[in-house]
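# Examination of the molecular architecture
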Amino acid sequence: MRKKLIAVVMSTLLMAGALAGCGGTKQEATNEIKIGGNFELTGGVANYGKQAVNGIQLAIKQANASGGVLGKQIKLVLADNKSESAEATNAITKLITQDKVIAMFGPATSSNTIATVQVSQDHKIPLITPTGTSEKITVDNGKTRPYAFRSCFIDPLQGTIMANFASNTLKVKTAVIYIDSSSDYSKGLSQAFETVFTQNGGSVIGKEAFLQKDQDFKATLTKIKAMNPDVVFLPAYYEEVGKIVKQAREMGMNMPFLGADGWDDAKVVEIAGAAPLNNTFFCSHFSSQDKDPNVVKFIEAYKQEYNQEPGVFSALGYDAGLFLIDAIKRANSTDPEKIREALEQTKNLQLSTGLMTIDANHNPIKSAVVLEMKDGKQTFKEKVTPNL
């Protein structure tokens, strides 16, 4: 009898301990909101991913320091997609199925984001790309993808802005378009630029292409030089942009080169050199020279956190963080479907890059800037507010 009594007591204690353990695990889970981050942390465009993550982490840190969201702390679970589309698909699958995140940030580039959106749709998990600008991310065959969002403007807007800048500000008449044929981002920008530049009375006298990770561009640049365009539109990412502009200047090609937000990284100066980048212009989302109080406040907070000035990808990452945090608060829930609905209803939300309203295609209505490179430094040229 004594042995049975001891056995019962031990069994009861073990069960109590097990229940206490379960209770602890459950409590930890309920005090945490897990958000996924699928970014280019290594590979060809790693600088984009790292900057975006810095911005997101700052927004999350500020929210957590202010008591969290819905009384819970946000935890960012990161996965490195190595700047490759296949890896991006693997990363989002892991974050959703194994890490059980309720929403997703990233990837940074359009091609990698396009590779992941179907996974987010299939699992009904909201996805926000801070910097993927291709129309295909949020719209598929004319229909809005219900779970895909972004905190940056889209390629057609950038292409339109740069075409108008070429026609109205630079007053050029002929252009050659030089694209990265492996990039949806580059293709989308080139289409918009050609359409608007032609409508403005300009003429696209040539189109050439390269592949990401190419090193020697001189053969194609020789062909472009022979065409003698007034301007070259180069919608690509900083690594190839730096090499192309450097080689073009070495060949005596002194005409203006135009680009978009893929240029917006300090590494482009390291690669090309300061002088070759003179007489180049690109469209972007943010300028550190903007004196808007919200911009100034963000820059100060970022400098305090990272001891450096933020780039555009950091600003857009920060905006993506604010965008999702605001939606979770308004949804008053961690249910992905309610968060999706709140994201869709976002209107006049104050971000570091200005006010943002989400349109019917889940794209932001927001301002853009044109920057000029002068002796290795970005110089604010003009600000454009779209009428969408």
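Residues numbered from 1 in each chain as written. Predicted model: local features only at pLDDT ≥ 70, side-chain atom pairs only at ≥ 80, totals over all residues. Heavy atoms only, no water.

## Concerning the layout of surface pockets
- Reported here for the largest pocket is a volume of approximately 680 Å³.
- Forming the walls of the largest pocket are 28 residues, and the residues nearest its centre are Ala 266, Glu 309, Pro 310, Gly 311 and Gln 378.
- Broken down by secondary-structure element, the contributors of at least two residues to the lining of the largest pocket are α2 (46-65), α9 (267-272), α11 (312-331) and β17 (377-384).
- For the lining of the largest pocket, the residue count by class is 10 nonpolar, 11 polar and 7 charged. (1 Å grid on protein atoms, 1.4 Å probe; cavity = no way out; pocket = protein on both sides within 12 Å on 5 of 7 lines; lining within 4 Å. Points joined across faces, edges and corners; volume = space filled by probe spheres on them. Helix = DSSP H or I, 4+ residues; strand = E, 2+ residues; numbered from the N terminus. Nonpolar A, V, L, I, M, F, W, Y, C, P; charged D, E, K, R; others polar.)

## Notes on the confidence of the model for the chain
- Per-residue confidence for the chain gives a mean pLDDT of 91, with 91% of residues at or over 70.
- In this model residues 1-28 is a low-confidence stretch, pLDDT under 50, and it forms 0 contacts with partners more than four residues away in sequence or in other chains. (pLDDT = per-residue confidence, 0-100. Contact = heavy atoms within 4.5 Å.)

## Focus on the nonpolar core
- Membership of the largest hydrophobic core comes to 99 residues, with the highest contact counts inside it found for Met 162, Phe 193, Leu 234 and Phe 257.
- Of all the elements, α11 adds the most residues to this core, at 12 residues.
- The contact partners of Phe 193, leaving out residues within four places of it in the chain, are Gly 159, Met 162, Ala 163, Ala 166, Ala 175, Ile 177, Phe 233 and Leu 258.
- Among the nonpolar cores identified, the runner-up in size contains 14 residues, and Ala 79, Ile 92, Val 117 and Val 119 belong to it. (Core = buried A, V, L, I, M, F, W, Y, C linked by side-chain atoms within 4.5 Å. Buried < 20%, exposed > 50% of the residue type's maximum accessible area, 1.4 Å probe, protein only.)

## So, the pattern of salt bridges
- One pass over the full model with this rule turns up 16 salt bridges.
- Note that Lys 303 is salt-bridged to Glu 309, the shortest N-O span being 3.7 Å.
- With relative accessibility at 39%, the residue Lys 303 sits in the partly exposed group.
- A relative accessible area of 43% places Glu 309 in the partly exposed class.
- A cluster of three or more residues bridged by salt bridges with shared partners is formed by Glu 337, Arg 340 and Glu 344. (Salt bridge = Lys/Arg side-chain N within 4 Å of Asp/Glu carboxyl O.)

## Observations regarding the side chain of Asn 38
- With respect to the helices and strands, the residue Asn 38 is situated in strand β1 (residues 32-39).
- Within the structure, the side chain of Asn 38 is placed 3.1 Å from the side chain of Asn 81, a separation counted as a polar contact.
- Among the polar contacts made by the side chain of Asn 38, one reaches the main-chain carbonyl oxygen of Ala 88 at a distance of 2.9 Å.
- In contact with Asn 38, other than residues within four places in its own chain, are Ala 79, Asn 81, Ala 88, Ala 91, Ile 92, Leu 95, Met 104, Phe 105, Gly 106, Pro 107 and Thr 116. (Polar contact = N/O pair within 3.5 Å; in protein donor to acceptor, adjacent residues only side chain to side chain.)

## A short note on the sheet that holds strand β14 (residues 354-358)
- With antiparallel pairing, the 3 strands of this open sheet are ordered in space as β13-β14-β15. Because the sheet does not close on itself, it has two edges, and the strands there are β13 (349-351) and β15 (364-365).
- With 3 bridges joining them, β13 and β14 adopt antiparallel strand pairing. Its bridge partner lying in β14, Leu 351 is registered against Gly 354. (Pairing = 2+ DSSP bridges.)

## Things to note about the environment of Asp 99
- Relative to the assigned elements, Asp 99 resides in the loop between α3 (85-97) and β3 (104-105).
- Note on Asp 99: relative accessible area 15%, which makes it buried.
- On a C-alpha basis, the gap between Asp 99 and Ala 275 in space is 47 Å, while along the polypeptide they are 176 residues apart.
- For Asp 99, the residues in contact, after removing those within four places along its chain, are Lys 34, Val 77 and Lys 94.

## Comments concerning unusual backbone geometry
- Pro 107 follows Gly 106 through a cis peptide bond whose omega is 0 degrees.
- On the secondary structure map, Pro 107 appears in the loop between β3 and α4 (110-123).
- Notably, Lys 171 is not glycine yet its phi reads approximately 60 degrees, a positive angle.
- Considering the arrangement of structural elements, one finds Lys 171 in the loop between α5 (155-169) and β8 (174-180).

## Focus on the pairing of strand β2 (residues 73-80)
- Pairing between β1 and β2: 8 bridges, direction parallel. Bridging from a neighbouring strand, Gly 37 pairs with Leu 78 of β2.
- This β-α-β element, β1 to α2 to β2, shows right-handed connectivity. (Right-handed = clockwise from strand over helix to strand, strands pointing away.)

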